[in-house]
Amino acid sequence: MSELTFTPVIGIEIHIRLKSDSKLFCSCSTNTDAPANTNICPVCMGLPGTLPRLNHRVVEQGMLAGFALNCGIRPKSLFFRKSYFYPDLPKGHQVSQCDLPITTSGYIEVHDDNGNLKKIRVHHLHLEEDVGSLHHSASDGRLEGADTSYVDYNRSGTPLAEIVSEPDVASAREAVEYVTTLRRRVIYSGASDVELEKGMMRFDANVSMKCSDGRWGKKVEVKNMNSFKALERAIEFEIKRQKKLMLAGEDVMQETRHWNDAKGITSPSRVKESYRKFIVEPDLPPLYISQEWIDRMRAKMPEMPDVRADRYVNEMGVPREVADFLTDDKNLADYFEACVKAGAKPVRAAHWIRTEVLRVLNEKQLKISDFHFKPEVLTDLVTRVDEGKLSTTQGKEVFDYMIANSVSIDDAVKSLNITEGGVAGNALSEIIEAVLKANPDVLEEIKSGKDKKGKKLKFLQGLVMKESKGQAKPQEVAEAIAEAVK
Ligand SMILES: [Zn+2]
């Protein structure tokens, strides 16, 4: 019997916090870092008799996120009540667009394991409100032997987009590429900052296995992943677990499992998901979106990162790897484009940002948005290097000096005792003469034609550069030496 093979079939659900100052159905602040239960009101608490009012800013953010996923916008969508009880949901239901969402289907492109582009279809994106949060702590002493849980409703009613994919993902690696690409595109759209460390992106995965003997395993929903790493590990764990069961001839049970990041395992969920009955939210009218509104929002969409990277490669000659690196962070790419706009040569500017600017940002633990070195100033500096007024080494010295002392380029050049424009002609020929005098054997070898690979010539150039304390221009030195040894 030939060996059995297994193909993972994976769908991913993502929750993203949309960027908005106020909540989905009330005007409370979305600042969830505020002291517990300070950004709440009767509406987001769900007290009886209160009426929700839809925040149109969030609708616009939902549209932008939808465009980023290549989705269309539905002219009419609805809100529903997903009823269930949990202490972080005082009104007993969550308001969600689950069944008639704001967007139609879309897709995200990723690479399969052979490096070919494939589409992960996005079934839809819908808007919904978040629930409160529970904080568990050890006993506070009031109830002997009992642990205590505290509820904070600051998060209750903050706006979320839930993004549901088709089961097109075939590996944990593909899953990570899918969520990474999706996140970057959503950030570019302006719909959300998707700060992972602030819990603005959470994942659930539906994992099942198809066996080469025709058997299909049941679908297992894995919940509670809050990072790319957790998503990857959880999927890898489930694939292994289900494969093992199927190899042993056992059934994979359809169930919900929770990912335990500390233990690195999934285990059956103790919470029964019992909100299978939805009713239309009676307090909210249908959401109608006009074509004019859709067009207006679409016009706001910036160039997406992959398109931008292609442009850097094809129109500016930036190496692919550097282009991908720059466009990974929209602010970094914007900084690069500001340099190019100010007159910097694209390839030189791209490399400088990639190496020198990034080095400083890492050392100082800064984001590019907090970097005070203006693109125009960096352009001035790299242009001086480009024109040979400064050697590359000098350019870096000047850059570091400017950062450390907050001074202008000219002041840094002065303080570092650098003579811009290299070493004056006379001085250079004096240096070359001295170097040749000190190395007669090398000179002899070159003259007799033994230095076929030019190694000795390079050696002399190195000595001259060193004598000039790095101030001579390499090109001039090379030419002058070539002339002198003729
Ligand atoms: Zn409120």
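Fair warning: this is a prediction, and the values are worked out from it, not measured in the lab.

Turning next to the overall build of the protein chain. Along the protein chain, the regular secondary structure elements total 16 helices and 15 strands. The C-alpha atoms of the protein chain give a radius of gyration of 31 Å, which is well past the 23 Å a tight globule of 486 residues would have. Oriented by its inertia axes, the alpha-carbon framework of the protein chain measures out at about 95 × 65 × 60 Å. Pairs at least 24 apart in sequence give 69% of the contacts found in the protein chain among residues at least 6 apart.

This part is about unusual backbone geometry. Both trends apply: most residues other than glycine have a negative phi, and most peptide bonds are in trans. Notably, Asn-37 is not glycine yet its phi reads approximately 60°, a positive angle. Given 14 C-beta atoms within a 10 Å radius, Asn-37 is considered partly exposed.

In this section: the environment of Gln-94. Looking at the secondary structure, you find Gln-94 in strand β4 (residues 93-96). When the 22 C-beta atoms within 10 Å are taken as the criterion, Gln-94 is described as buried. In sequence terms Gln-94 and Leu-182 are 88 residues apart; their C-alpha atoms lie 25 Å from each other. Beyond its immediate sequence surroundings of up to four residues, Gln-94 is in contact with Lys-82, Leu-89, Glu-128, Glu-129 and Val-131.

Let us now look at the pairing of strand β5 (residues 106-111). Burial along β5 is one-sided: the face carrying Gly-106, Ile-108 and Val-110 is buried and the face carrying Tyr-107, Glu-109 and His-111 is not. Inspection of the sheet shows β5 paired to strand β6 (residues 117-129) by six bridges, in the antiparallel sense. The residue of β6 that forms the bridge with Ile-108 is Ile-120.

The interhelical angle for the contact between helix α9 (residues 346-364) and helix α10 (residues 375-386), taken along N-to-C directions, is 115°, at an axis separation of 10 Å. Between α9 and α10 lies a crossing whose hand is right-handed. On α10, the residues that touch Arg-348, Ala-349 and Trp-352 of α9 are Leu-378, Thr-379, Val-382 and Asp-386.

Glancing now at the domain arrangement of the protein chain. Taken domain by domain, the protein chain consists of domain 1 (6-295), domain 2 (303-415) and domain 3 (425-484). In this structure, domain 2 and domain 3 have C-alpha centres spaced 33 Å apart. Taken residue by residue, the interface counts four residues in domain 2 and four residues in domain 3. Along the lines of polarity and charge, the residues of the side of domain 2 that touches domain 3 split into no nonpolar, four polar and no charged.

The subject of this paragraph is the nonpolar core. Core analysis: the largest hydrophobic core is formed by 64 residues, its most contacted members being Ile-12, Ile-16, Ala-65, Leu-69, Ala-175, Tyr-178 and Ala-205. Those residues in contact with Ala-175 that sit more than four places away from it in its chain are Ile-10, Ile-12, Val-169, Ala-205, Leu-231, Glu-232 and Ile-235.

With that settled, the discussion passes to the environment of Leu-284. Structurally, Leu-284 can be placed in the loop between β14 (278-280) and β15 (287-288). Leu-284 gets classed as partly exposed once you count the C-beta atoms within 10 Å, which come to 17. Sequence spacing of Leu-284 and Lys-82 is 202 residues, and the spatial spacing of their C-alpha atoms is 14 Å. The residues contacting Leu-284, other than those within four sequence positions of it, are Pro-52, Leu-54 and Phe-79.

Helix length check: helix α4 (residues 228-247) (20 residues) gives 29 Å between terminal C-alpha atoms against 28 Å at 1.5 Å per residue, within 8%. Listing the buried residues of α4 in full gives Leu-231, Ala-234, Ile-235, Glu-238, Gln-242 and Met-246. When α4 is viewed along its axis, its buried side chains cluster within an angular range of 100° and face the same direction. Residues of α4 that are exposed and point more than 90 degrees away from the buried face comprise Lys-229, Lys-240, Lys-244 and Leu-247. Elements in contact with the buried residues of α4: β1 (6-17), α3 (172-189), β10 (201-211), β11 (220-225), β12 (255-260) and β13 (265-268). Remark: Gly-249 follows α4 within two positions and exhibits a positive phi of approximately 80°.

What follows covers the environment of Val-398. Relative to the helices and strands, Val-398 resides in helix α11 (residues 392-405). The sequence separation of Val-398 and Ser-415 amounts to 17 residues, and the corresponding C-alpha distance is 9.3 Å. When near neighbours in sequence (up to four residues on either side) are disregarded, Val-398 contacts Leu-381, Leu-390, Ile-409, Ala-412, Val-413 and Leu-416.

Thresholds applied
- Residues numbered from 1 in each chain as written.
- Predicted model: local features only at pLDDT ≥ 70, side-chain atom pairs only at ≥ 80, totals over all residues.
- Helix = DSSP H or I, 4+ residues; strand = E, 2+ residues; numbered from the N terminus.
- Rg over C-alpha atoms; globule rule 2.2 N^0.38 Å.
- Contact = placed C-beta atoms within 7 Å.
- Buried ≥ 20, exposed ≤ 12 C-beta atoms within 10 Å, placed from the backbone.
- Pairing = 2+ DSSP bridges.
- Axes fitted to C-alpha atoms, helices over the stretch in contact; angles between N-to-C directions.
- Left-handed = near helix turned anticlockwise from the far one by under 90°.
- Domains from an automatic or database assignment.
- Nonpolar A, V, L, I, M, F, W, Y, C, P; charged D, E, K, R; others polar.
- Core = buried A, V, L, I, M, F, W, Y, C linked by C-beta atoms within 7 Å.
- Expected span 1.5 Å × (residues − 1).
- Arc of directions from axis to C-beta.

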